[in-house]
Amino acid sequence: MRSQQNVQLRRAVASSYLGSLIEYYDFLLYATASAVVFSKVFFSDLDPALATVASFGTFATGYLARPLGGVLFGHFGDKLGRKRMLVMTMTLMGVSSFLIGLLPTYADVGAAAPVGLILLRVLQGISVGGEWGGAVLMSAEHATSRRGLWASFANAGAPSGMVVSTVAMTATVAVTGEAAFLAWGWRVPFLLSVVLLAIGLFVRSRVEETPAFLAARTVARRRRFPLVAVLREQPKTLLLGVGVGLAAFVVQGTLTTFVLAYGVQAGHGRQTVLNALTVSSVCAVVGIIGWSAVSDRFGRRPIVLIGALVTAVYGFVLFPLVDSRSGTLLVVALVLGQGVLHPMMYGPLAALYTELFATENRYTGASLGYQLAGLGAGFAPVLFAEFQRASGGPSTTAVSLTIAAFCLLSAGCVLALKETNRRNLTEPSPVRSTAETAEVVE
């Protein structure tokens with residue numbers, strides 16, 4: 001029995017990591033393309049600065065759609081099971097990304113091109129919004145110990161996807177050349193999504209449904225919609241969860257998207273910035289898994305709190321390092337931010353969100369909290385690009401102040417939550433009040 005549990009745990013973790021990697025490859029491939037390609041291909045009639053804002057704006061639409069995906073797939077994930085929803089989200093993402101690779105440009109069809117791009121980006125957002133919660137729960141609900149460690153592999157899929165997407169873009173540029181890349185080469189990494197989709201679906205087909213969900217399904221009671229239950233029973237917990245995650249996502253959007261464009265503006269070669277991002281993303285995988293494992297021992301709260309406070313200061317160091325025009329200091333800036341500090345805030349979130357909600361509402365609650373916080377990553381690059389356009393210069397003081405403000409907000413929210421790392425996932429949520437623990441019947 002124990003051996004079978006271990007086999008399923010390993011399969012669940014592998015499935016969560018690989019599935020998350022594939023989803024974020026597609027989702028963050030768009031981030032890279034929005035920083036270096038889409039402003040020229042889909043918004044070629046705009047002023048360059050405004051085109052960058054518009055390109056980042058389409059990037060942000062994916063984040064706007066993520067809460068919808070979290071609610072939609074969370075509802076059915078809580079009702080029908082985690083595994084079914086993960087197959088659907090992966091398929092939706094793979095098809096959407098493949099179709100982006102087939103889109104005509106602005107030069108071909110005019111305004112219809114960016115409209116099509118936005119619609120497919122929305123589908124990407126819905127997909128990744130539903131993916132994260134299911135991937136995390138597949139690992140966390142199969143784990144009998146070290147839940148932070150095992151759940152973190154789903155979060156580690158994000159920087160892994162960034163590495164693969166950046167390498168795909170870099171390799172395509174190297175093979176095609178600059179002119180051919182802008183003409184058609186940028187499509188290749190998107191079209192490759194079909195291959196990754198086939199691999200991911202095969203791996204996911206070998207994982208069983210989680211024990212926690214199967215146990216909850218046997219309880220003979222009818223509950224209202226999971227979303228209604230979360231909003232009525234745990235509104236404070238949901239809001240605090242969103243606040244805890246906001247800083248991590250603002251910093252993520254800054255480091256993986258905004259700095260791409262800013263680094264080029266500061267005088268670094270585009271390939272230099274992409275290489276630095278690739279190195280820091282590899283470090284991020286180690287950092288996310290490492291800090292999450294530490295949170296199993298010392299708790300989620302202290303790790304996230306320390307990360308938020310230190311990152312509030314780091315926001316004022318990041319841009320001077322980038323402005324130095326030193327490739328070495330650029331790598332140091334991104335490795336420190338994405339590989340060390342950001343993982344402290346981001347890694348433990350997988351287990352933390354899982355532990356805040358009861359099994360019958362967990363997919364919905366965890367997904368909604370995480371995806372609402374994720375809006376920070378979508379809007380940060382747009383907001384920061386607008387700061388620069390409005391000021392008419394490269395000043396980053398407002399950017400650093402904004403990062404610090406979100407970090408302090410997250411620090412306050414994590415202090416308001418109880419520690420959850422010792423919670424048994426089959427028990428009722430420990431954060432409910434006496435009234436909240438009462439059974440809710442349709």
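This report concerns the structure included in the present document. (Residues numbered from 1 in each chain as written. Predicted model: local features only at pLDDT ≥ 70, side-chain atom pairs only at ≥ 80, totals over all residues. Heavy atoms only, no water.)

Compared with an ideal rise of 1.5 Å per residue, which puts 31 residues at 45 Å, helix H13 (residues 235–265) spans 43 Å between its outermost C-alpha atoms and is within 8% of the ideal. For H13, a buried count of 26 out of 31 residues is recorded, marking the element as mostly surrounded by other parts of the structure. (Helix = DSSP H or I, 4+ residues; strand = E, 2+ residues; numbered from the N terminus. Expected span 1.5 Å × (residues − 1). Buried < 20%, exposed > 50% of the residue type's maximum accessible area, 1.4 Å probe, protein only.)

Next up on the list: the environment of Phe181. Here Phe181 shows up in helix H8 (residues 178–185). Classification of Phe181 as buried rests on a relative accessible area of 1%. Through-space distance from the C-alpha of Phe181 to that of Val71 is 37 Å; in sequence the pair is 110 residues apart. In contact with Phe181, not counting residues within four places along its chain, are Val37, Met169, Thr172, Val173, Thr176, Trp186 and Arg270. (Contact = heavy atoms within 4.5 Å.)

In this section: the pattern of salt bridges. Inspection of every chain in the model, using the stated rule, returns 7 salt bridges. One salt bridge connects Arg82 with Asp78, and the closest N-O pair in it is separated by 3.0 Å. Assigned by exposure class, Arg82 and Asp78 land together as buried. (Salt bridge = Lys/Arg side-chain N within 4 Å of Asp/Glu carboxyl O.)

This part takes up unusual backbone geometry. Here the phi dihedral of Arg146 falls at roughly 50 degrees; this positive angle occurs in a residue that is not glycine. As for its placement among the helices and strands, Arg146 is situated in the loop between helix H6 (112–140) and helix H7 (147–176).

Here we come to the state of the cysteines. Going through the model one piece at a time under the given rule, you end up with 0 disulfides. Of all cysteine sulfurs, the one in Cys407 lies closest to Cys283, which takes part in no disulfide; the gap is 20 Å. Sulfur of Cys413: no disulfide; nearest cysteine sulfur belongs to Cys407 and is 12 Å away. (Disulfide = S-S within 2.5 Å.)

Within the secondary structure layout, Val41 lies in helix H2 (residues 38–41). Remark: the alpha-carbon pair of Val41 and Asp108, spanning 67 residues in sequence, is separated by 10.0 Å. Aside from chain neighbours lying at most four places away, what touches Val41 is Thr105, Tyr106, Leu182 and Trp186.

Let's shift gears to the side chain of Thr172. Mapped onto the elements of the fold, Thr172 is located in helix H7. For Thr172, a relative accessible area of 8% puts it in the buried group. Filtering out sequence-adjacent residues up to four positions away, Thr172 remains in contact with Gly177, Phe181, Gly185, Val188 and Pro189.

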